[in-house]
Amino acid sequence: MVTVLPSGRVLYTRQELTELVNLYIDNDGHIEETRDQFVLNNPNTGHSPESIRSCVGQLRTMDINYPTDTRWDVKNLVAEVAQEIEPDRFGDPEDMKAYALQLKAEAILADLVG
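Residues numbered from 1 in each chain as written. Predicted model: local features only at pLDDT ≥ 70, side-chain atom pairs only at ≥ 80, totals over all residues. Heavy atoms only, no water.

A. Local environment of the packing of aromatic side chains. Summed over the entire model, instances satisfying the criterion amount to 1 aromatic pair. Aromatic pair tyrosine 24 and phenylalanine 90: ring centres 5.8 Å apart, planes at 45 degrees, arrangement tilted. Remark: phenylalanine 90 occurs in the loop between helix H4 (76–85) and helix H5 (93–113) and tyrosine 24 occurs in helix H1 (residues 14–26); sequence separation between them is 66 residues. With relative accessibility at 0%, the residue tyrosine 24 sits in the buried group. The class of phenylalanine 90 is buried, set by a relative accessible area of 2%. For arginine 60, the ring lying beneath its charged end belongs to tyrosine 66, and the centroid distance is 3.5 Å. (Phe/Tyr/Trp six-rings, centres within 6.5 Å; stacked < 30°, edge-to-face > 60°. Helix = DSSP H or I, 4+ residues; strand = E, 2+ residues; numbered from the N terminus. Buried < 20%, exposed > 50% of the residue type's maximum accessible area, 1.4 Å probe, protein only. Lys NZ or Arg CZ within 6 Å of the ring centre and 35° of its normal.)

B. Quick look at the environment of leucine 20. If you trace the backbone, leucine 20 turns up in helix H1. Given the relative accessible area of 0%, leucine 20 is considered buried. As a C-alpha pair, leucine 20 and leucine 59 span 39 residues in sequence and 8.9 Å in three-dimensional space. Setting aside chain neighbours within four positions, we find leucine 20 in contact with Tyr12, Thr34, Phe38, Ile52, Cys55, Val56 and Leu59. (Contact = heavy atoms within 4.5 Å.)

C. Main features of unusual backbone geometry. Even without being a glycine, aspartate 28 presents a positive backbone phi close to 55 degrees. Position of aspartate 28 relative to the elements: it lies in the loop between H1 and helix H2 (31–41).

See the structure below:
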């Protein structure tokens, strides 16, 4: 069932998010390729390419393979689905943001000391 908010925004279903997570994994974390494949698989989706890219960006924020890419605020259902499918790859969004800050601080200290 599709839920459309008064603003016209279409909410993602668990099924759509499951497909996006699996495509993201299959595409090795490439945001644009994941978006493009989702659009090909779902030509009549109510989601804009920008919305799909944003949703995939949320996965990137959680992806331990990209610890410094934490610019997206992750929605609860996105986090829940991603962690159910691949718990070793997708970390808690807040933990990932803290880890990114730690890496940045360590890089600054290394520059100062080194």
